There are 2 protein chains.
Amino acid sequence: MGLDQANSKSKKKIIVLGGDGFCGWPTSLHLSQKGHDVTIIDNLSRRNIDNELEAESLTPIQPMHTRLNAWKEISGKTINFYNFDIANEYDRLLDMIQTEMPDVIIHFAEQRAAPYSMKSSKHKRYTVNNNMNATHNVLCAIVESTLDIHLVHLGTMGVYGYGTAGLKIPEGYLDIEVKKEDGERVEQQILYPTNPGSIYHMTKSQDQLLFQYYNKNDNVRITDLHQGIVWGTNTKETNLDDRLINRFDYDGDYGTVLNRFLMQAAVGYPITVHGTGGQTRAFIHIQDSVRCIELAVENPPANNDRVLIFNQMTETHRVADLAKLISKLTDGEIAYVSNPRKEAKENELQVRNDLFLSKGLQPITLNEGLLQEVTEVAKRYKDRVDYQKIPATSLWTKDQQPGIPKWDKGD
Amino acid sequence: MGLDQANSKSKKKIIVLGGDGFCGWPTSLHLSQKGHDVTIIDNLSRRNIDNELEAESLTPIQPMHTRLNAWKEISGKTINFYNFDIANEYDRLLDMIQTEMPDVIIHFAEQRAAPYSMKSSKHKRYTVNNNMNATHNVLCAIVESTLDIHLVHLGTMGVYGYGTAGLKIPEGYLDIEVKKEDGERVEQQILYPTNPGSIYHMTKSQDQLLFQYYNKNDNVRITDLHQGIVWGTNTKETNLDDRLINRFDYDGDYGTVLNRFLMQAAVGYPITVHGTGGQTRAFIHIQDSVRCIELAVENPPANNDRVLIFNQMTETHRVADLAKLISKLTDGEIAYVSNPRKEAKENELQVRNDLFLSKGLQPITLNEGLLQEVTEVAKRYKDRVDYQKIPATSLWTKDQQPGIPKWDKGD
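The notes below deal with the structure included here. (Residues numbered from 1 in each chain as written. Chains lettered and ligands numbered in written order. Predicted model: local features only at pLDDT ≥ 70, side-chain atom pairs only at ≥ 80, totals over all residues.)

1. A few points about the relation of the copies chain A and chain B
Quick reminder of the rule: A residue counts toward the fit only if its pLDDT is at least 70 in both copies, and the copies are then superposed by least squares on the C-alpha atoms of those residues. Contact between residues is assigned whenever the C-beta positions, reconstructed from backbone atoms, fall within 7 Å.
The two copies are related by a screw operation: chain A maps onto chain B through 180° of rotation and 0.0 Å of translation along the axis, at an RMSD of 0.0 Å. Expressed as a symmetry operation, the mapping of one chain copy onto the other fits a two-fold axis. Take the interface residues of chain A: 95% of them recur as interface residues in chain B, which is what a same-surface contact looks like.

Have a look at this one:
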């Protein structure tokens, strides 16, 4: 078998749902760069939510067609783009699948911020309605198409809940023992019991039941990636041209903890730690995130396999420790503020990620160089910051308080 | 405290969502009869589905206002009725809750037939969309109202899956042991791992995650009733007048196994057993079902209790044994037909129902008199039968076959 033939066999037709977002965009570029035939479907909901929240990406992300034209210009590769809503336009989704006949569908098309999902009844209801119908429509359309399509889904470590001291969180399935009536103990392996911490995380737990069911009933091949908190901004591909720049969320709803700390330090805002910062979280750099998705695409489950679950993370850190590290690196001041979330003050978290390691992932872990890179990005676009959007103000219940530090801008 | 005061304290304001359906209607009458102040919300979706399927209730159920006027005439009690769709009219639901300030909301407002949920993509999508948004809207509105409302939900035994030999299915929560990294075993109690057998059952598993979350985050008091297959038609109250008659589904989508067998025997149609009939199922008579709901209303969980789960069933039977029993009682012929469902050929099922027994339930179990009563109802309305609607034709996958017996009507 010649090299060309090998390449053509490994080249896949891939539809990326939600390919305009923070993970979807660099993933689309990465897979296109690797020679796959990529089509993006996105209703630009994330940009519309920017409008609603009056909080833009810190980085000046370009309109979709500017992005795609730049990519064509630089790489010579074409990514197709269709703007529609998979949660509400089922017939169009089905038609697209039947026409494109993809080998793989990667599903990022869900509302993905916990604080946004908790802002109000409207936001809770949007998150449940959008995420449930989006995931279900994809599964339903795959079955209706009768095509053998591998579905790769971006889930979250958050479905596991806060972790259990002394128990390394396994990859999706937990070995248990149950005592029968006659005293006999039986061993079973079950989907890890979920304990989601927000409406958003809960929808990802519900997704798991959809996957379990469609896998069992219809043999749909599914990979569910339980991803940690993504940090960093750019990947090898998004760095190729300013017009390809990735989104950087710094606001209280969409900004995630490590990136927020780095950005706060870069612009001279206090590093806001919620509560004591005793929460331990799992992390992954955006460059590893896109690499993991590539590995998931290359290593599909077989036709009668159960849902394949990877923990997509490379390290765990206590939030307070991260704040201290960044404070040390940047001379930034830490502000311990109220925690708008209802959660345990402290938790242990140990996580297995053997599966991605076995597939060849070489983890990028926290290092000064990469932290510095995020800081540089934040400094470069400092003038775009709306300081009022930095605090986390979305409350889990009426008994919580927003996480607003005392701060004089000092200029 | 005088008797009047005691009565007034135990009299509750109750909203019944889905109060026009097979379980909702007799429950509404029963609670009204017991002195509770009952308001029904229903969008009449079940009657509209009758129109779609061209399959009416075997019994001539009356329009809602005929039913309610008859009830007023007979009992002197008023049940209010509002026709709207709780899955799509959130503001109206919230307004109703804020205005009525109910003590209890009973939630029957979900699409409840497994075969209907499997008919086509459209039916799968309707079931997921309707059931998820209905349940979520109720929870969201309860929290937004800030009222302390006890939510009673009709779930299903089907969330447990097919049962495990030698393990009595507990009431919602399973005791497990997990081995930690250091070899130490820790005991935990988890939500029983679900293994739903249809899209419909899957939505009830997803409901459980909604309940778990809203109970944890917002302390909503929730009782989830995991109900077996309901049989029988009338209750003490629906028997009071022909205009109060309850629905009797005999068609392949909405008819449930025991009632279908009785009806088939009554009209001289073969008793259709799917596969070998080796499936073991849990059952409850409609009279016990309404009594259980009354007991659930009278025994709410406390404010910081987790979700209270009852198994609402009184006995288990193997489907083939029921067919033989009914064949013997009625001289009806059994036809073993293809199973349109994808399921295990045989399963064991043992179920705990200690909780309802401890609250005073005195189970009605299968007896000739009650079986005879169902047969009488079926015979009385024999002329209303559309024989073409009897077979189960909704297929779980394209590899299944419809359950159509060879049959000459013989007249």
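Having seen the model, we can carry on.
2. Description of the packing of helix 9 (residues 257-267) of chain A against helix 13 (residues 368-380) of chain A
All names here are of chain A. Counted only if it meets this: Only the stretch in contact is used when a helix axis is fitted, and all axes are lines through C-alpha atoms; the angle between N-to-C directions ranges over 0 to 180 degrees. Here a strand is any run of E in DSSP of at least two residues, a helix any run of H or I of at least four, and the numbering for each starts at the N terminus. Each angle receives one of four descriptions, namely roughly parallel if under 35 degrees, roughly antiparallel if over 145, roughly perpendicular if within 65 to 115, and oblique otherwise. Note on convention: the crossing is left-handed when the near helix lies turned anticlockwise from the far helix by less than a right angle, right-handed when the turn is clockwise. Following the grouping adopted for this structure description, the nonpolar residues are Ala, Val, Leu, Ile, Met, Phe, Trp, Tyr, Cys and Pro, the charged ones are Asp, Glu, Lys and Arg, and the polar ones are all others, Gly among them.
Packing of helix 9 against helix 13 brings their axes to within 8 Å, and their N-to-C directions diverge by 55°. The angle between helix 9 and helix 13 places the two elements in the oblique class. Pair helix 9 / helix 13 crosses with right-handed handedness. Taken together, the residues of helix 13 that come into contact with helix 9 (itself represented by Asn259, Leu262, Met263, Ala265, Ala266 and Val267) are Leu371, Val374, Thr375, Ala378 and Lys379. Of the residues contributing to the contact of helix 9 with helix 13, the split by class is 8 nonpolar, 2 polar and 1 charged.

3. Side note on the sheet that holds strand 10 (residues 229-231) of chain A
All names here are of chain A. The line we're drawing: By the convention used here, strands pair only if DSSP detects at least 2 bridges between them.
In spatial order, the strands read 10-12-14; together these 3 strands make up an open sheet with mixed pairing. In this open sheet, the two strands that pair with only one neighbour each are strand 10 and strand 14 (315-318). Taken over all neighbouring pairs, the strand axes of this sheet differ in orientation by 45° on average, direction set aside. The sheet contact formed by strand 10 and strand 12 (residues 280-285) spans 3 bridges and is parallel. Pairing of Trp231 across the sheet is with His285, part of strand 12.

4. Concerning the pairing of strand 2 (residues 37-41) of chain A
Residue and element names in this part refer to chain A. The cut-off we apply is this: The exposure scheme places C-beta atoms from the backbone and then counts, for each residue, the other C-beta atoms within 10 Å of its own, assigning buried at 20 or more, exposed at 12 or fewer, and partly exposed in between. For a crossover, the right-handed case is the one in which the path from the first strand over the helix to the second runs clockwise, viewed with the strands pointing away from the viewer.
Burial analysis of strand 2 places 4 of its 5 residues in the buried class, the great majority of the element. Pairing between strand 1 (residues 13-17) and strand 2: 5 bridges, direction parallel. Pairing of Ile14 across the sheet is with Val38, part of strand 2. Handedness of the crossover is the feature at issue here: the chain leaves strand 1, passes through helix 2 (residues 24-33), returns alongside strand 2, and the resulting connection is right-handed. The pairing of strand 2 with strand 3 (residues 80-82) spans 3 bridges and is classified as parallel.

5. Describing the environment of Ala266(B)
Here Ala266(B) lies in helix 9 (residues 257-267). Excluding anything up to four places from it in sequence, Ala266(B) contacts Thr375(B), Ala378(B), Lys379(B) and Lys382(B).

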